[in-house]
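Okay, here's what each chain looks like letter by letter:
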Amino acid sequence: MNWDIQTFSAAALGIALAACCGFRVFVPMLVAGFAGRFELFHFSESFVWLSSTPALVALGIATVFEIAGYYIPFIDNILDTIAAPLAAIAGTLLATSVIPIENDWMKWIVGIVAGGGGAGLIASGTGLLRLLSSKTTLGAGNNVVATGENAAAVGGSVLSFLAPIIMALSFILFFIWIIKKMIRKLRGKSSAARGH
């Protein structure tokens, strides 16, 4: 495969959009669907359905329910348990739909690792943040977390089409930060367990 700037940008777009699925599952898919509909981006043949009218209507309804659900105390925590696997699936689909790899097996493997893995990691991180917010504020601070996630999902999805390489690099740095935090937390727990 010839890695020119367009190919690199498309791969970056896939990573960035997939990462946005970690904040909200349906928002990046809806934004991508509209981008395809208005011919701002061309999906591979097997993913053209994302920009069809039935898909856009379904994604629009799902987006409204998802966003609204995160503003209902404790329902938001339940949604987090469902969202993590759904985010990984949506991230895989979006990454696979835009990453320009001709070999189907390779395309899906990269989509699962880069797209699904990134979306799942962010969804897990935001889920833990909401759980912490629920414990410390009895759910009162969750609306602030939800608003931040909505802004990240919408803004990140739109910016992914405008500056895909910058967004992909930003999300990669964010992934590294989350992984470092998780490792530090696990090391702290194992040290505390050994101390007892």
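Residues numbered from 1 in each chain as written. Predicted model: local features only at pLDDT ≥ 70, side-chain atom pairs only at ≥ 80, totals over all residues. Heavy atoms only, no water.

Draft legend 1. How the structure looks around the overall build of the protein chain. Summing up its helical and strand segments, the protein chain has seven helices and zero strands in all. The helix and strand sequence of the protein chain, counted from the amino end, reads α-α-α-α-α-α-α. A compact globule built from 196 residues would reach a C-alpha radius of gyration of about 16 Å, and the protein chain, at 17 Å, matches this within 12%. If you line up the protein chain on its principal axes, its C-alpha atoms span 55 × 35 × 25 Å. (Helix = DSSP H or I, 4+ residues; strand = E, 2+ residues; numbered from the N terminus. Rg over C-alpha atoms; globule rule 2.2 N^0.38 Å.)

Draft legend 2. Looking closely at the layout of surface pockets. Of the volumes computed, that of the largest pocket is approximately 590 Å³. Lining of the largest pocket is provided by 16 residues; of these, Gly125, Leu128, Leu129, Lys181 and Lys185 occupy positions nearest its centre. For the lining of the largest pocket, the elements supplying multiple residues, two or more each, are α5 (104–137) and α7 (164–195). Among the elements that take part in the lining of the largest pocket, α7 stands out by supplying eight residues, more than any other. Considering only residue class, the lining of the largest pocket consists of 10 nonpolar, two polar and four charged. (1 Å grid on protein atoms, 1.4 Å probe; cavity = no way out; pocket = protein on both sides within 12 Å on 5 of 7 lines; lining within 4 Å. Points joined across faces, edges and corners; volume = space filled by probe spheres on them. Nonpolar A, V, L, I, M, F, W, Y, C, P; charged D, E, K, R; others polar.)

Draft legend 3. The arrangement of helix α6 (residues 142–162) in detail. Its 21 residues place the ends of α6 30 Å apart at the C-alpha level, agreeing with the 30 Å of an ideal helix rising 1.5 Å per residue. Buried residues of α6: Asn142, Val145, Ala146, Glu149, Asn150, Ala153, Gly156, Ser157 and Ser160, and no others. (Expected span 1.5 Å × (residues − 1). Buried < 20%, exposed > 50% of the residue type's maximum accessible area, 1.4 Å probe, protein only.)

Draft legend 4. Examining unusual backbone geometry more closely. One non-glycine residue, Glu39, lies in positive phi territory at about 55 degrees. Here Glu39 lies in the loop between α2 (26–37) and α3 (53–69). Classification of Glu39 by relative accessible area gives exposed; the value is 60%.

Draft legend 5. Looking closely at the side chain of Arg24. With respect to the helices, strands and loops of the structure, Arg24 is situated in the loop between α1 (5–20) and α2. Leave out the neighbours within four places in its chain, and Arg24 touches Glu66, Ile67, Tyr70, Arg130, Ala146, Glu149, Asn150 and Ala153. (Contact = heavy atoms within 4.5 Å.)

Draft legend 6. The packing of aromatic side chains, seen in detail. For the structure on display, the rule yields six aromatic pairs. Ring geometry for Phe47 against Trp108: centres 6.1 Å apart, planes inclined by 45 degrees, an arrangement best described as tilted. One end of the pair, Phe47, is in the loop between α2 and α3; the other, Trp108, is in helix α5, with 61 residues separating them in the sequence. On the accessibility criterion, Trp108 (37% relative accessible area) is partly exposed. Here a set of aromatic residues connected by ring pairs shows up, and it is made of Phe23, Phe171, Phe174 and Trp177. (Phe/Tyr/Trp six-rings, centres within 6.5 Å; stacked < 30°, edge-to-face > 60°.)

Draft legend 7. View of the nonpolar core. Ranked by internal contacts, the top residues of the largest apolar core, which has 23 residues, are Met29, Phe41, Phe43, Leu50 and Leu94. Elements with a minimum of two residues in this core: α1, α2, α3, α4 (75–98) and α5. Sort the elements by how many residues they give to this core and α4 lands first, with five residues. In contact with Phe43, other than residues within four places in its own chain, are Ala32, Gly33, Gly36, Val48, Leu50, Ser97 and Val98. In this structure, Ala16, Phe23, Leu121 and Met167 belong to the second largest nonpolar core, which totals 13 residues. (Core = buried A, V, L, I, M, F, W, Y, C linked by side-chain atoms within 4.5 Å.)

Draft legend 8. Region of the structure containing α5. Helix length check: α5, at 34 residues, gives a terminal C-alpha distance of 47 Å against a target of 50 Å (1.5 Å per residue), a fit within 8%. The largest bend along α5 reaches roughly 30 degrees and is located at Gly111. The N-cap residue of α5 is Asn103: its side-chain oxygen and the backbone nitrogen of Trp105 are 2.9 Å apart. (Bend = angle between axes of the 7 residues up to and from the residue. Polar contact = N/O pair within 3.5 Å; in protein donor to acceptor, adjacent residues only side chain to side chain.)

Draft legend 9. Quick look at a nonpolar patch on the surface. Taken together, the side chains of Ile72, Ile75, Ile78, Ile82, Leu86 and Ile89 define a hydrophobic patch exposed on the protein surface, amounting to about 510 Å² of accessible area. Judged by relative accessible area, which is 43%, Ile72 ranks as partly exposed. (Patch = residues over 30% accessible without salt bridge, like charges linked within 9 Å, V, L, I, M, F, W, Y side chains within 5 Å. Areas by Shrake-Rupley, 256 points an atom, 1.4 Å probe, with all protein chains shown as cover. Salt bridge = Lys/Arg side-chain N within 4 Å of Asp/Glu carboxyl O.)

Draft legend 10. Representation of the packing of α2 against α3 within the structure. The geometry of α2 relative to α3 is characterised by a closest axis approach of 9 Å and an angle of 150 degrees between their N-to-C directions. As summarised for this structure, α2 and α3 are arranged roughly antiparallel, according to the angle between their axes. Our pair here, α2 against α3, has a crossing hand that is left-handed. Of α3, the residues touching α2 (which contributes Phe26, Val27, Met29, Leu30, Gly33, Phe34 and Arg37) are Thr53, Leu56, Leu59, Gly60, Ala62, Thr63, Glu66 and Ile67. Classifying every residue of the contact of α2 with α3 by side-chain character gives nine nonpolar, four polar and two charged. (Axes fitted to C-alpha atoms, helices over the stretch in contact; angles between N-to-C directions. Parallel < 35°, antiparallel > 145°, perpendicular 65-115°, else oblique. Left-handed = near helix turned anticlockwise from the far one by under 90°.)

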